[in-house]
Amino acid sequence: MSSSGLDRFLSRPGSGRAALQDGKVTVSAHDTGIAGRYFGSGVDRVGTRHTDERPRPTQDITVDMTDPASPVAYAAFASTP
């Protein structure tokens with residue numbers, strides 16, 4: 001994804017780059033295991049959690065910013081009735 005694509009992606013749940021915290025992995029080990037993705041060492045990551053009122057889903061977003069021109073976003077969504 002491009003840098004501007006990341007901005008569009010983050011704006012959809014009502015978030016933005018200002019919400020991203022350096023070094024934060026918000027997608028849980030459980031969710032990454034189900035998806036077959038793992039966050040190893042040596043990767044520049046940022047993350048945020050965006051919550052909405054129930055029953056709307058909570059979004060956990062982690063972005064690999066190792067190459068800022070081509071960030072890779074990972075997201076997990078969960079809702080509570």
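Residues numbered from 1 in each chain as written. Predicted model: local features only at pLDDT ≥ 70, side-chain atom pairs only at ≥ 80, totals over all residues. Heavy atoms only, no water.

A. Examining the environment of Pro57 more closely. You can see Pro57 is positioned in the loop between strand 2 (45-50) and strand 3 (58-64). Spatially, the C-alpha atoms of Pro57 and Phe77 are 5.8 Å apart, while their sequence positions differ by 20 residues. Each residue touching Pro57, except ones within four places of it in the same chain, is listed here: His50, Asp52, Phe77, Ala78 and Ser79. (Helix = DSSP H or I, 4+ residues; strand = E, 2+ residues; numbered from the N terminus. Contact = heavy atoms within 4.5 Å.)

B. The sheet that holds strand 3, seen in detail. Pairing within the open sheet is antiparallel, and its 4 strands lie in the order 1-2-3-4. Sheet topology places strand 1 (21-22) and strand 4 (72-78) at the edges, where each strand pairs with a single neighbour. Bridging between strand 2 and strand 3 involves 6 bridges; their strand directions are antiparallel. The residue of strand 3 that forms the bridge with Gly47 is Thr62. (Pairing = 2+ DSSP bridges.)

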